[in-house]
Amino acid sequence: MAEVARREAPVPAQDRGSAPGPAPQTPAGLDLARLNGVLWVLPPVVVLALVFLYPLALVVQQSLSPENSGGAFDAYASVFASQSFREALGTTVWLAVGATVGCLVLGFVLALVIAFVPFPGARAVAKFIDVFLSFPSFLVTLALLFVYGTVGMANGAWTGLTGAAEGPFHFLTTPWGVLLAEITYFTPFVMRPLLAAFSQLETAQLEVAAGLGARPARIVRQVILPEALPALAAGGSLVLVMCLNEFGIVLFTGAKDVTTLPMLIYGKAILESDYAAACVVAVVNIAISVGLFGLYRVVSKRAGA
């Protein structure tokens, strides 16, 4: 009996060869791990502070620096009261909103054609959109100038056919020309998330809707559009932020009567040497852009972009 009891007695875990569990960390070990994490994070934080935060702090400080023993917010009061600032703010907002609406409509139509209308080269066009996103904005503006500029191909063809002294196409130097250039350049930024959303759309839904007799317009309205709304919101938010800060398109079109906030900053700082006013406009532009970028991040997160 004693031998049977010894045989049935439980064997300790260490005798069965089981691996011991991880030893609990001591407070000294936790402090060391925390210190290593801080050391890894510190260099990029320092670089970010020197490259971005420090110049931004200088801009804010310059905007609050009083001149002639004035108050800290005198520059803000002077800029906000000026007609040029109000006009530049209004021009910036309506150009950005107009370009965003145009990009949403045109981008949605083009993405529909590429994704659901079979034609030779559709895959190549979709790949070209990815390449187009890397182009600088002034290239598109130069291309439009070659076609519709004062001495562009359209005016040259008109004068050659009619013998007129000049052609009729001068809209590129107007706000409508800037709007056309921005829509042309920023539309692919809406198409890219739309094409990604359309690629995840189940074709069975479209086949069922078509089998039930739904017309293409109704399929787009009731099946495709609800699935595309998050991508449209994400792309539109990004385009709105980028249009608010666009400088190259306005500059290269030569639209002298079109003054946006970035152009006003350039004029105040470079042409008038009024750095305090330029910094005030820059702070306003940054505040609007950061607020809209936060909105874009929220929309993109909900859309899964």
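Criteria and thresholds
- Residues numbered from 1 in each chain as written.
- Predicted model: local features only at pLDDT ≥ 70, side-chain atom pairs only at ≥ 80, totals over all residues.
- Heavy atoms only, no water.
- pLDDT = per-residue confidence, 0-100.
- Helix = DSSP H or I, 4+ residues; strand = E, 2+ residues; numbered from the N terminus.
- Contact = heavy atoms within 4.5 Å.
- Buried < 20%, exposed > 50% of the residue type's maximum accessible area, 1.4 Å probe, protein only.
- Phe/Tyr/Trp six-rings, centres within 6.5 Å; stacked < 30°, edge-to-face > 60°.

*Asks:* Would you take a moment to explain the confidence of the model for the protein chain for this structure?
*Replies:* Per-residue confidence for the protein chain averages 79 on the pLDDT scale, and 82% of its residues sit at or above 70. Across the protein chain, element-level confidence peaks in helix α4 (residues 83-116) with a mean pLDDT of 91 and bottoms out in helix α1 (residues 2-8) with 47. In the model, residues 1-9 has pLDDT below 50 throughout and makes zero contacts with residues more than four positions away in sequence or in other chains. Contacts of residues 13-19 to residues separated by more than four positions or lying in other chains number two contacts, the stretch itself having pLDDT below 50.

*Asks:* Can you walk me through helix α12 (residues 261-271) in this structure?
*Replies:* Each α-helix turn comprises 3.6 residues. Residues three or four places apart therefore point the same way. Every buried residue belonging to α12 is among Leu261, Pro262, Met263, Leu264, Gly267, Lys268 and Ala269, and all of these are buried. Looking one or two residues beyond α12, the residue adopting positive phi is Ser273, at roughly 55 degrees.

*Asks:* What's the story with the packing of aromatic side chains in this structure? I'm lost.
*Replies:* The geometry of an aromatic ring pair is captured by the separation of the ring centres together with the interplanar angle, meaning the angle of the planes. Within the structure shown, the criterion is met by 13 aromatic pairs. Here the aromatic rings of Tyr185 and Phe186 are separated by 4.9 Å at their centres, their planes lie at 75 degrees, and the arrangement is edge-to-face. With respect to class, Tyr185 is no different from Phe186; both count as buried. Ring centres of Phe247 and Tyr266 lie 5.6 Å apart, and the angle between their planes is 55 degrees; on these two criteria the pair is classed as tilted. With a gap of 19 residues between them, Phe247 in the loop between α10 (216-244) and α11 (248-253) and Tyr266 in helix α12 connect regions that are remote in the sequence. The class for Phe247 is partly exposed, based on a relative accessible area of 27%. With a relative accessible area of 35%, Tyr266 lands in the partly exposed category. Linked through ring pairs, Tyr76, Phe80 and Phe85 together constitute an aromatic cluster.

*Asks:* What's the story with the side chain of Asn155 in this structure? I'm lost.
*Replies:* Inspection of the secondary structure assignment puts Asn155 in helix α7 (residues 153-162). Since its relative accessible area comes to 1%, Asn155 is described here as buried. Excluding residues within four positions of it along the chain, Asn155 makes contact with Tyr148, Gly149, Thr150, Gly167, Pro168 and Phe169.

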